Number of protein chains: 2
Amino acid sequence: MTFSVQVKVMPLKELLDPQGKAVMGGLGNLGLSSIQDVRIGKNITLQVEAQTAEEAKSIAEQAAKKLLANPVMEQFEISVN
Amino acid sequence: MTFSVQVKVMPLKELLDPQGKAVMGGLGNLGLSSIQDVRIGKNITLQVEAQTAEEAKSIAEQAAKKLLANPVMEQFEISVN
C-alpha cells in the first residue's frame, strides 16, 4: 500500500532565518505591513510503499534524519495521510 | 490579535520536480528504496496581525499571490491556526 507522508522541515526557533527576513522586507514594500514575522522551511511529500501507516512514518523518519533535515539548523514534523 | 498562518507552496502536479527527483535518487542510495516519489515545496509560517482569522487568511492570500508563490509553476494552500 502506498502512503502519502508529509515532512515539514523548519528552521529552529532559536536561529535567525535570513530568507524569511528578506521576504518580510519584500512584503513590507508591497504594503503588507500587518505581517510581523516570516519563517521559511521546506515541505516534502513522500510516496512511501509500506504495510501500515506506522511503517510508512518510520521510513519517513529515517529519510528525514539521514537526508531531508539538518538537525543542527532544522527541526522536522511528520504526518501520514 | 496575532494569527499564525501556514502557507504551503508546492510545485504543480503536472510539472517535473528536479529537486525532488534528486532527493529520491539520494534516498535510493541510502537504502530507502520503498520511497517511490518525492516532491519538495516550501512551507512558510506568517505571523499576521488581524481582527479575525478570515482577515488573516485574506492577507496571507494576497502575500502568496504577490510574492510567495509563482502561479506558473506552483500552487499554494493556506491554513490559519
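Okay, so let's go over this structure. Since the structure is predicted, the reported quantities are computational estimates derived from the model, not experimental observations. (Residues numbered from 1 in each chain as written. Chains lettered and ligands numbered in written order. Predicted model: local features only at pLDDT ≥ 70, side-chain atom pairs only at ≥ 80, totals over all residues. Heavy atoms only, no water.)

**A short note on the environment of K13(A)**
All names here are of chain A.
At step 1: Positionally, K13 belongs in the loop between strand 1 (2–11) and helix 1 (18–29).
At step 2: When the C-alpha positions of K13 and R39 are compared, they lie 9.1 Å apart, and in sequence the two are 26 residues distant.
At step 3: Leave out the neighbours within four places in its chain, and K13 touches R39 and Q75. (Helix = DSSP H or I, 4+ residues; strand = E, 2+ residues; numbered from the N terminus. Contact = heavy atoms within 4.5 Å.)

**Some words on the interface of chain A and chain B**
At step 1: Each side of the interface is counted separately: chain A has 31 residues, and chain B has 31 residues.
At step 2: Between chain A and chain B, a total of about 2,600 Å² is buried, with carbon and sulfur atoms accounting for 64% of that surface.
At step 3: In terms of surface lost to chain B, no three residues of chain A exceed L32(A), N43(A) and Q47(A), which account for 18% of the buried area on that side.
At step 4: Taken together, chain A and chain B are joined by 0 salt bridges. (Buried area = accessible area lost by both parts, 1.4 Å probe. Salt bridge = Lys/Arg side-chain N within 4 Å of Asp/Glu carboxyl O.)

**Some remarks on helix 2 (residues 53–68) of chain A**
At step 1: Here helix 2 of chain A is 16 residues long, yet its end C-alpha atoms lie only 20 Å apart, well below the 22 Å a rise of 1.5 Å per residue gives.
At step 2: Every buried residue of helix 2 of chain A is accounted for by A56(A), I59(A), A60(A), A63(A), A64(A) and L68(A). Along helix 2 of chain A, the residues classed as buried sweep out an arc of 140° about the axis, all on the same side. When the buried face of helix 2 of chain A is taken as reference, the exposed residues oriented beyond 90 degrees from it are E54(A) and K65(A).
At step 3: Contacts made by the buried residues of helix 2 of chain A are with strand 1, strand 2 (35–49) and strand 3 (74–80) of chain A together with helix 1 (18–29) and strand 2 (35–49) of chain B. (Expected span 1.5 Å × (residues − 1). Buried < 20%, exposed > 50% of the residue type's maximum accessible area, 1.4 Å probe, protein only. Arc of directions from axis to C-beta.)

Just distances and angles here, no functional claims.
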